[in-house]
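Spelled out, the chains give:
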Amino acid sequence: QKEVEQDPGPLSVPEGAIVSLNCTYSNSAFQYFMWYRQYSRKGPELLMYTYSSGNKEDGRFTAQVDKSSKYISLFIRDSQPSDSATYLCAMRDDKIIFGKGTRLHILP
Amino acid sequence: KAGVTQTPRYLIKTRGQQVTLSCSPISGHRSVSWYQQTPGQGLQFLFEYFSETQRNKGNFPGRFSGRQFSNSRSEMNVSTLELGDSALYLCASSFTADSYEQYFGPGTRLTVT
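Residues numbered from 1 in each chain as written. Chains lettered and ligands numbered in written order. Predicted model: local features only at pLDDT ≥ 70, side-chain atom pairs only at ≥ 80, totals over all residues. Heavy atoms only, no water.

**Describing the overall build of chain B**
The cut-off we apply is this: Strands are runs of DSSP state E lasting at least two residues, helices are runs of H or I lasting at least four, and both sets are numbered from the N terminus onward. Only the C-alpha atoms count toward the radius of gyration. The rule for a globule is 2.2 Å times the residue count to the power 0.38. The classification of residues rests on relative accessible area computed with a 1.4 Å probe and restricted to protein chains. Under 20% of the type maximum is buried, over 50% is exposed, and intermediate values are partly exposed. Residue contacts follow a heavy-atom distance rule, with two residues in contact if any of their heavy atoms lie within 4.5 Å. Each accessible area is a Shrake-Rupley result for a 1.4 Å probe, and residues are judged covered by the shown protein chains and nothing else.
Scanning chain B from terminus to terminus reveals 0 helices and 11 strands. Overall, chain B shows an N-to-C arrangement of helices and strands of β-β-β-β-β-β-β-β-β-β-β. By the compact-globule yardstick of 13 Å for 113 residues, chain B fits well, its C-alpha radius of gyration being 13 Å. Referenced to the eigenvectors of the C-alpha coordinate spread, the extents of chain B come out at roughly 35 × 25 × 25 Å. Looking at chain B as a whole, 50% of its 113 residues are labelled buried. Of the contacts formed within chain B by residues at least 6 apart in sequence, a portion of 55% connects residues at least 24 apart. Just so you have it, chain B exposes about 5300 Å², and 48% of that area is on carbon and sulfur atoms.

Below is the structure:
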């Protein structure tokens with residue numbers, strides 16, 4: 001079993017829809033949970049991070065961590081075409097482990 | 001503030017050759033991590049350096065090595081290149097070691113023929 005599992009997509013949704021992106025993990029030692037966004041031909045950029053369990057909101061983005069289920073989510077409200085990118089979940093113990101990323105397409 | 005810079009951006013090498021990639025972190029950042037990104041395996045951790053010391057290493061063969069200089073700039077070297085080494089190599093910097101907040105460069109696209 002891989003440490004971090006993420007559905008690669010692609011995921012296509014119409015503009016304005018709510019997007020739900022998810023990852024599962026196996027290592028209970030993870031304490032920091034991050035979401036990165038990567039546009040084509042660019043390096044990943046940190047979107048949000050959460051420490052331990054709980055929710056965190058930043059504008060249209062909400063990150064959730066459920067440590068009991070070893071499950072994390074990123075919700076994007078009012079999705080825009082500019083949100084089209086690959087979204088990578090990431091988690092840290094002594095190093096950062098990334099999911100493979102979900103390709104998201106927002107259709108105008 | 002200037003971002004993370006990586007040179008070169010693109011590189012084509014032949015099997016058996018060696019290659020050196022360079023990374024300049026954000027000013028003031030002392031930690032540099034290297035990753036390999038491929039379509040099949042995604043983003044995989046290579047190693048992390050802080051204050052010129054390797055703190056952590058991923059599951060890559062010894063052909064992959066790195067170092068960090070006193071000005072925090074880092075280089076990674078791959079010897080005896082194999083076709084499977086073709087990938088995007090990303091460097092990320094952070095202010096401290098063990099940070100969740102890493103800033104990535106644009107990457108070096110290495111093609112091995």
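**Side note on the sheet that holds strand S7 (residues 64-68) of chain B**
Residues and elements named next belong to chain B. Here is the rule we go by: Note on pairing: two strands pair once DSSP finds at least 2 bridges between them. All axes here are fitted lines through C-alpha atoms, helices being fitted over the stretch that makes contact, and every angle between N-to-C directions spans 0 to 180 degrees.
In space, the 4 strands of this open sheet follow the order S1-S3-S8-S7, with antiparallel pairing throughout. Each edge of the open sheet carries a strand with a single partner, namely strand S1 (5-7) and S7. Taking each pair of neighbouring strands and ignoring which way they run, the sheet shows an average axis angle of 20°. Alignment of strand S3 (residues 19-24) against strand S8 (residues 74-78), held across 5 bridges, turns out to be antiparallel. The residue of S8 that forms the bridge with Cys23 is Ser74.

**Quick look at the pattern of salt bridges**
So the rule is basically this: Counted as salt bridges are all cases of a side-chain nitrogen of Lys or Arg within 4 Å of a carboxyl oxygen of Asp or Glu.
Inspection of every chain in the model, using the stated rule, returns 11 salt bridges over all chains. A salt bridge links Arg55 of chain B to Asp98 of chain B; the shortest N-O distance between them is 2.6 Å. Within this pair, whereas Arg55 of chain B is found in strand S6 (residues 53-57), its partner Asp98 of chain B is found in the loop between strand S9 (87-94) and strand S10 (103-104), the two being separated by 43 residues in sequence. Look at Asp98 of chain B and you get partly exposed, because its relative accessible area is 40%. For Glu82 of chain B, the salt bridge goes to Arg63 of chain B, with nearest N and O atoms at 3.6 Å. In this pair, Glu82 of chain B sits in the loop between S8 and S9 while Arg63 of chain B sits in the loop between S6 and S7, placing the two residues 19 residues apart along the sequence. Relative accessible area serves as the criterion here: at 42%, Glu82 of chain B is assigned to the partly exposed category. Residues participating in the shared-partner salt-bridge network are Arg92 of chain A together with Glu48, Arg55 and Asp98 of chain B.

**Digging into the pairing of S8 of chain B**
Residue and element names in this part refer to chain B. Of all the 5 residues making up S8, 5 are buried; the element is thus mostly covered by neighbouring parts of the structure. Where burial is concerned, the two faces of S8 agree: the one with Ser74, Met76 and Val78 and the one with Glu75 and Asn77 are both buried. Linking S7 to S8, which pair antiparallel, is a turn of 5 residues; within it Ser72 sits at a positive phi near 80°.

**Observations regarding the side chain of Asn77 of chain B**
All names here are of chain B. Condition: Any pair of nitrogen or oxygen atoms within 3.5 Å is treated as a polar contact; in protein, a donor-acceptor pairing is required on top of that, and neighbouring residues in sequence qualify only through side-chain atoms on both sides.
Secondary-structure assignment places Asn77 in strand S8. Since its relative accessible area comes to 17%, Asn77 is described here as buried. Of the polar contacts made by the side chain of Asn77, one reaches the backbone oxygen of Val19; its length is 3.3 Å. Engagement of the side chain of Asn77 in a polar contact is seen with the side chain of Thr20, the distance being 2.9 Å. Once residues within four sequence positions are removed from consideration, Asn77 is found in contact with Gln18, Val19, Thr20, Arg63, Phe64 and Ser65.

**Looking at the layout of surface pockets**
The test is simple: With a 1 Å grid laid over protein atoms only, a set of points is called a cavity when a 1.4 Å probe fits there but cannot get out and a pocket when it is open yet has protein on both sides within 12 Å along at least five of seven lines; lining residues have an atom within 4 Å of a point. Grid points are joined across faces, edges and corners, and a volume is the space filled by probe spheres set on the points. Amino acids are sorted into nonpolar (Ala, Val, Leu, Ile, Met, Phe, Trp, Tyr, Cys and Pro), charged (Asp, Glu, Lys and Arg) and polar (every other residue, Gly among them).
Of the volumes computed, that of the largest pocket is approximately 580 Å³. Taken together, 22 residues make up the lining of the largest pocket; nearest its centre are Gln38 and Thr86 of chain A together with Gln37, Leu88 and Arg109 of chain B. Contributing elements (two or more residues each) for the lining of the largest pocket: strand S9 (85-92) of chain A together with strand S4 (31-38) of chain B. Residues of the lining of the largest pocket, tallied by class, amount to 7 nonpolar, 9 polar and 6 charged. As a volume, the second largest pocket reaches approximately 390 Å³. Surrounding the second largest pocket, 19 residues form its lining, Lys2, Ile97 and Phe98 of chain A together with Leu43 and Gln44 of chain B being those nearest its centre. Elements that contribute at least two residues to the lining of the second largest pocket include exactly strand S1 (4-6) and strand S10 (96-98) of chain A together with strand S5 (42-50) of chain B.

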